[in-house]
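Chains, contacts and geometry: an overview
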Amino acid sequence: MRRASAASWFRVRGLDDGVTWIDEPFVREFYRCNIWHVRGRDRDLLVDTGWGVVSLRAHIPLVTERPLVAVASHTHFDHMAGHHEFAERWVHRAEAAILARPTRASTLAEPYASDEAFELLPPLPYASTTYCPKAAPATRLLEDGDIVDLGDRVLEVIHTPGHSPGGIALFERASGILFSGDIIYDGPLIEDCPGADPVDYARSMRRLLTLPVRVMHGGHFSSCSGERLRAIIADWLRAREK
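Residues numbered from 1 in each chain as written. Predicted model: local features only at pLDDT ≥ 70, side-chain atom pairs only at ≥ 80, totals over all residues. Heavy atoms only, no water.

1. Focus: empty space enclosed by the protein
Our working rule: Of the grid points, spaced at 1 Å and generated over the protein atoms alone, those admitting a 1.4 Å probe that cannot get out make up cavities, while open sets with protein on both sides within 12 Å along at least five of seven lines make up pockets; any residue with an atom within 4 Å of a point is treated as lining. Grid points are joined across faces, edges and corners, and a volume is the space filled by probe spheres set on the points. Residues were grouped as follows: Ala, Val, Leu, Ile, Met, Phe, Trp, Tyr, Cys and Pro as nonpolar; Asp, Glu, Lys and Arg as charged; and all remaining residues, including Gly, as polar.
All told, the structure shown has one cavity of 30 Å³ or more when counted by the stated rule. Computed from the structure, the largest cavity encloses a volume of approximately 50 Å³. Along the walls of the largest cavity sit Ser73, His74, Thr160, His163, Ser164, Gly167, Ile168, Ser180, Gly181, Asp182 and Ile183, which together make up its complete lining. Along the lines of polarity and charge, the residues of the lining of the largest cavity split into two nonpolar, eight polar and one charged.

Below, the structure is given as structure tokens:
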């Protein structure tokens, strides 16, 4: 399989509300993590950091312009493998050990990181058989109800176990923006991976249903409206009740 160049690896799209959508277009859509940059007055926020196979700092000037905190929605490889590039690294307490000492198994790089996940392979020296995220010990451990303060913007940490034990969403009540990670997005949800829990998943879905969300930026696939979010959850809950 051919390899992409480092310069072409990332795609950057500006959205409303001071949010920028960064992703890795040569990763097939199902495996492609969304990286969300949020502009704040005093510092910026990066929700997830992708596969880590090409340097975000070297190729995306946006992430080096101002003080920035990188928050991991959870510690599956496709969401946190770029965290080692940032001085401020936040994660829920339940998954801090994985961020500090990642392995191919604990991050699910084995078995999901394979050549089949790509349209074009990353640049050398990437190899799917040996790929593993680098250690990025947390500088802050998050709990449910904690606040991420960007100066003029405040996001609430919502613990959303189910997809993974320490999964979190970030909710900005003032704007109605939800960064949902992998607990929910507008695409096929993964409910049976190692570490998933169906009881926790249902509890997290019911909790998210109560939030006054205007727009959801998920861990995968495209963003959607709050109405679409609530429809996804309602359909999901009805299917489980059957």
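2. Focus: unusual backbone geometry
So the rule is basically this: Helix and strand definitions here come from DSSP, where helices need a minimum of 4 consecutive H or I residues and strands a minimum of 2 consecutive E residues; each element is numbered from the N-terminal end. For each residue, the accessible area found with a 1.4 Å probe, counting protein chains only, is set against the maximum for its type, and the residue is called buried under 20%, exposed over 50%, and partly exposed in between.
Between glutamate 110 and the following residue, proline 111, the backbone shows a cis peptide bond with an omega angle of 20°. In this fold, proline 111 is placed in helix α4 (residues 109–112). Each neighbour pair has its own omega, and for leucine 124 with proline 125 the value is 15°, a cis peptide bond. Position of proline 125 among the secondary structure elements: in the loop between α4 and β7 (140–142). Positive phi outside glycine occurs at aspartate 17, with the angle close to 70°. As for its position among the elements, aspartate 17 is in the loop between β1 (11–14) and β2 (19–23). Look at aspartate 17 and you get partly exposed, because its relative accessible area is 34%. Unlike most non-glycine residues, aspartate 48 shows phi in positive territory, near 75°. Position of aspartate 48 relative to the elements: it lies in the loop between β4 (44–47) and α1 (56–59).

Treat this as a map of the structure, not an account of what it does.
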